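# An overview of the molecular structure
Chain by chain, the residues:
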Amino acid sequence: DKFKEGLTKTRNSFTGRVNDLVARYRKVDEDFFEELEEILFQADVGYETVEMLIDELKMEVKRKNIQDPADVQSVISEKLVDIYQGASSASVDLNMQEGSLTVILFVGVNGVGKTTTIGKLAHRFKQEGKKVILAAGDTFRAGAIEQLEVWGERVGVEVVKQAAGSDPAAVMFDSLQAAKARGADVLLCDTAGRLQNKVNLMKELEKVKRVIEREVPGAPHEVLLVLDATTGQNALIQAKTFKEATDVTGIVLSKLDGTAKGGIVLAIRNELEIPVKLVGLGEKMDDLQEFDPEKYVYGLFA
Ligand code: GDP
């Protein structure tokens, strides 16, 4: 399946190393855990999460009186799923409004895969029979509007836009009017991804959100932060900045297929307490999946 395929790079490096470790040790001792810790760090699992995982593994190994390193492997999978699910009870499902307009705002720095994610999600909703409109709210980056239009054409959905450099809040207003007038089910809104100036970013997002809130009570229903899995710990830093700038309700982790360090999913979940709702597993239209912690961990080891 797609999940397993998308995790090939991570699996090959991470699992290969765990297998090698298990083969080299005859008993589970302090050195074993130290090496395991190093493997987890290198998979970008993140400091806090690694510490937590190792502590829990040690307790479990003691409790179950596990001697054989081979038996630790299944405990690692179990604990990875536990850590993921225990970090927050927030749902990984998108907050969709049945029978009325759902507005989803996308935020994230340039190049992380925001436009691609919007295109993929538009495709998915369209396949579900929903009427979708895209709002070209990134009026700042050269080519952003055209790129969204390419996706609009590819998927077959309308894109509401204004000229480059125009006010994103005005684009949002137009898009909301269009969505209401056409009885759309979903409005997917692109935004500019400048992080250089946090105050500007915050102001712009606030203004855009205000327009949405005014036009559609209860919206935006999701504010999805797109992060590039290949940027590792940098993705965490970006997430912290965006979390301060706006209320992020979920994360889309793109390019999980492009990294051998897929452990970043766990670090994000554990250190940010924002659920990873979707993952990008390739560049094509249908390379977007709901994040499923069990499938993910299975994909790491299977
Ligand atoms: P934006 O600037 O945030 O809108 O980023 P884009 O959507 O333009 O994506 C930047 C590049 O990343 C493009 O070449 C995309 O094809 C690529 N990309 C986006 N998502 C994925 C993914 O899940 N996997 C892979 N391998 N590439 C992706």
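Residues numbered from 1 in each chain as written. Predicted model: local features only at pLDDT ≥ 70, side-chain atom pairs only at ≥ 80, totals over all residues. Heavy atoms only, no water.

### Describing the overall build of the protein chain
Counted only if it meets this: Secondary structure elements follow DSSP: runs of H or I no shorter than four residues count as helices, runs of E no shorter than two count as strands, and numbering proceeds from the N terminus. For the radius of gyration, the atoms used are the C-alpha atoms, and the globule rule reads 2.2 Å times the number of residues raised to 0.38. Categorising residues by exposure relies on relative accessible area from a 1.4 Å probe, with only protein chains included: less than 20% of the type maximum marks a residue as buried, more than 50% marks it as exposed, and the intermediate range marks it as partly exposed. Residues are treated as being in contact if the distance between any of their heavy atoms lies within 4.5 Å. Using a 1.4 Å probe, the Shrake-Rupley method yields the accessible areas, and only the shown protein chains count as cover for residues. Only four residue types enter the tally: Lys and Arg on the positive side, Asp and Glu on the negative side; His and the chain ends are excluded. To locate a charge, take NZ of a lysine, CZ of an arginine, CG of an aspartate or CD of a glutamate.
The helix and strand inventory of the protein chain stands at twelve helices and eight strands. Taken over the C-alpha trace, the protein chain has a radius of gyration of 21 Å; the compact-globule value for 302 residues is 19 Å, and the two agree within 12%. Projecting the C-alpha coordinates of the protein chain onto the three principal axes gives extents of approximately 70 × 40 × 35 Å. Looking at the 302 residues of the protein chain, the share that counts as buried comes to 55%. Counting only contacts in the protein chain whose residues sit at least 6 apart along the sequence, the fraction spanning at least 24 positions is 76%. Looking at the protein chain as shown, the accessible area adds up to about 13100 Å², and 46% of this sits on carbon and sulfur atoms. If you average the places of the 39 positive and of the 49 negative side-chain charges in the protein chain, the two averages end up 3 Å apart.

### What about the side chain of His221?
For His221, the position within the fold is in the loop between helix H9 (198-215) and strand E5 (222-228). Judged by its relative accessible area of 9%, His221 is buried. Leaving out residues up to four positions away in the same chain, His221 has contacts with Asn95, Gln97, Leu101, Thr102, Val103 and Val216.

### What about the environment of Gly113?
By the element assignment, Gly113 lies in the loop between strand E1 (102-107) and helix H6 (114-127). For the pair Gly113 and Ala142, spaced 29 residues apart in sequence, the C-alpha to C-alpha distance is 15 Å.

### Regarding the packing of aromatic side chains
Spelled out, the test is: Pairing of aromatic rings covers Phe, Tyr and Trp, the last through its six-membered ring, and needs centres within 6.5 Å; plane angles under 30 degrees mean stacked, over 60 mean edge-to-face, and all others mean tilted. Here, over-ring charges are defined by two tests on the NZ atom of lysine or the CZ atom of arginine: distance to the ring centre within 6 Å, and angle to the ring normal within 35 degrees.
Under the criterion given, the structure shown has five aromatic pairs. Judged by centre distance (6.1 Å) and plane angle (50°), the ring pair of Phe3 and Phe291 falls under tilted. Placement of Phe3 in helix H1 (residues 2-6) and of Phe291 in the loop between strand E8 (288-290) and helix H12 (293-301) is noted, with a sequence separation of 288 residues between them. Just as Phe3 is buried, Phe291 falls in that class too. Aromatic pair Phe41 and Tyr47: ring centres 6.1 Å apart, planes at 5°, arrangement stacked. For Phe41, a relative accessible area of 27% gives the class partly exposed. For Tyr47, a relative accessible area of 55% translates into the label exposed. Its end group placed over the ring of Trp151, Arg154 keeps NZ or CZ at 4.3 Å from the ring centre.

### Things to note about the nonpolar core
Let me state the cut-off plainly: Side-chain atoms within 4.5 Å are what join buried Ala, Val, Leu, Ile, Met, Phe, Trp, Tyr and Cys residues into a set we call a nonpolar core.
Core analysis: the largest hydrophobic core is formed by 103 residues, its most contacted members being Leu36, Leu188 and Leu253. The leading source of residues in this core is helix H5 (residues 72-86), at seven residues. Sequence-distant contacts of Leu36, defined by excluding residues within four places in its chain, comprise Val18, Leu21, Ile54, Leu57 and Ile76.

### Some points on the layout of surface pockets
Put simply, the rule is: Definitions used for this entry: grid spacing 1 Å over protein atoms alone; cavity, a set of points where a 1.4 Å probe fits but cannot get out; pocket, an open set with protein on both sides within 12 Å along at least 5 of 7 lines; lining residue, one with an atom within 4 Å of a point. Grid points are joined across faces, edges and corners, and a volume is the space filled by probe spheres set on the points. Polarity classes work like this: nonpolar for Ala, Val, Leu, Ile, Met, Phe, Trp, Tyr, Cys and Pro, charged for Asp, Glu, Lys and Arg, and polar for all others, with Gly in that last group.
Approximately 210 Å³ is the volume found for the largest pocket. The wall of the largest pocket is formed by 13 residues, among which Thr116, Lys120, Lys255, Gly282 and Glu283 lie closest to the centre. At the level of secondary structure, the elements contributing two or more residues to the lining of the largest pocket comprise H6 and helix H7 (144-155). In terms of residue count, the dominant contributor to the lining of the largest pocket is H6 (three residues). For the lining of the largest pocket, the class distribution of residues is two nonpolar, six polar and five charged.

### Considerations on the site of the ligand
In plain terms, the rule: A molecule or strand has a residue near it when one of that residue's heavy atoms lies within 4 Å. N or O atoms within 3.5 Å of each other form a polar contact, as long as, within protein, one can give a hydrogen and the other can take it, and as long as residues adjacent in sequence are counted only when both atoms are side-chain atoms. By definition, a pocket or cavity contains a molecule when more than half of the molecule's atoms lie within 2 Å of the pocket's grid points.
Around the ligand, the structure places 17 residues, and the nearest of them are Gly111, Thr115, Thr116, Gln147 and Glu283. At 2.7 Å from an oxygen atom of the ligand is found a main-chain nitrogen or oxygen belonging to Lys114. A distance of 3.3 Å separates an oxygen atom of the ligand from a polar side-chain atom of Lys120. For the ligand, whose free accessible area comes to 580 Å², the fraction covered by protein is 80%. In this structure, the ligand is accommodated by the largest pocket. Ranked by the residues each element gives to the shell around the ligand, the list is headed by H6, at four residues. When grouped by side-chain class, the residues that make up the shell around the ligand number three nonpolar, eight polar and six charged.

### Description of the confidence of the model for the protein chain
Caution applies to low-pLDDT regions: their predicted coordinates should not be interpreted in detail. Inclusion rule: Along the chain, pLDDT gives the predictor's confidence residue by residue, from 0 to 100.
Overall, the predicted model of the protein chain reaches an average pLDDT of 91, with 97% of residues at or above 70. Under the prediction, the complex receives an ipTM of 0.99, its pTM being 0.91.

### A look at helix H3 (residues 30-42)
As a reminder, the rule being used: Given the number of residues in a helix, its expected span is that number minus one, multiplied by 1.5 Å. The directions from the helix axis to the C-beta atoms are what the arc is built from.
Counted at 1.5 Å a residue, the expected span for H3 with its 13 residues is 18 Å, and the 19 Å between its end C-alpha atoms agrees. Residues of H3 that are buried: Phe32, Phe33, Leu36, Glu37, Ile39 and Leu40. End-on, the buried residues of H3 take up no more than an arc of 165°, which puts them together on one face. One or two residues past the end of H3 sits Asp44, with phi positive at roughly 65°.

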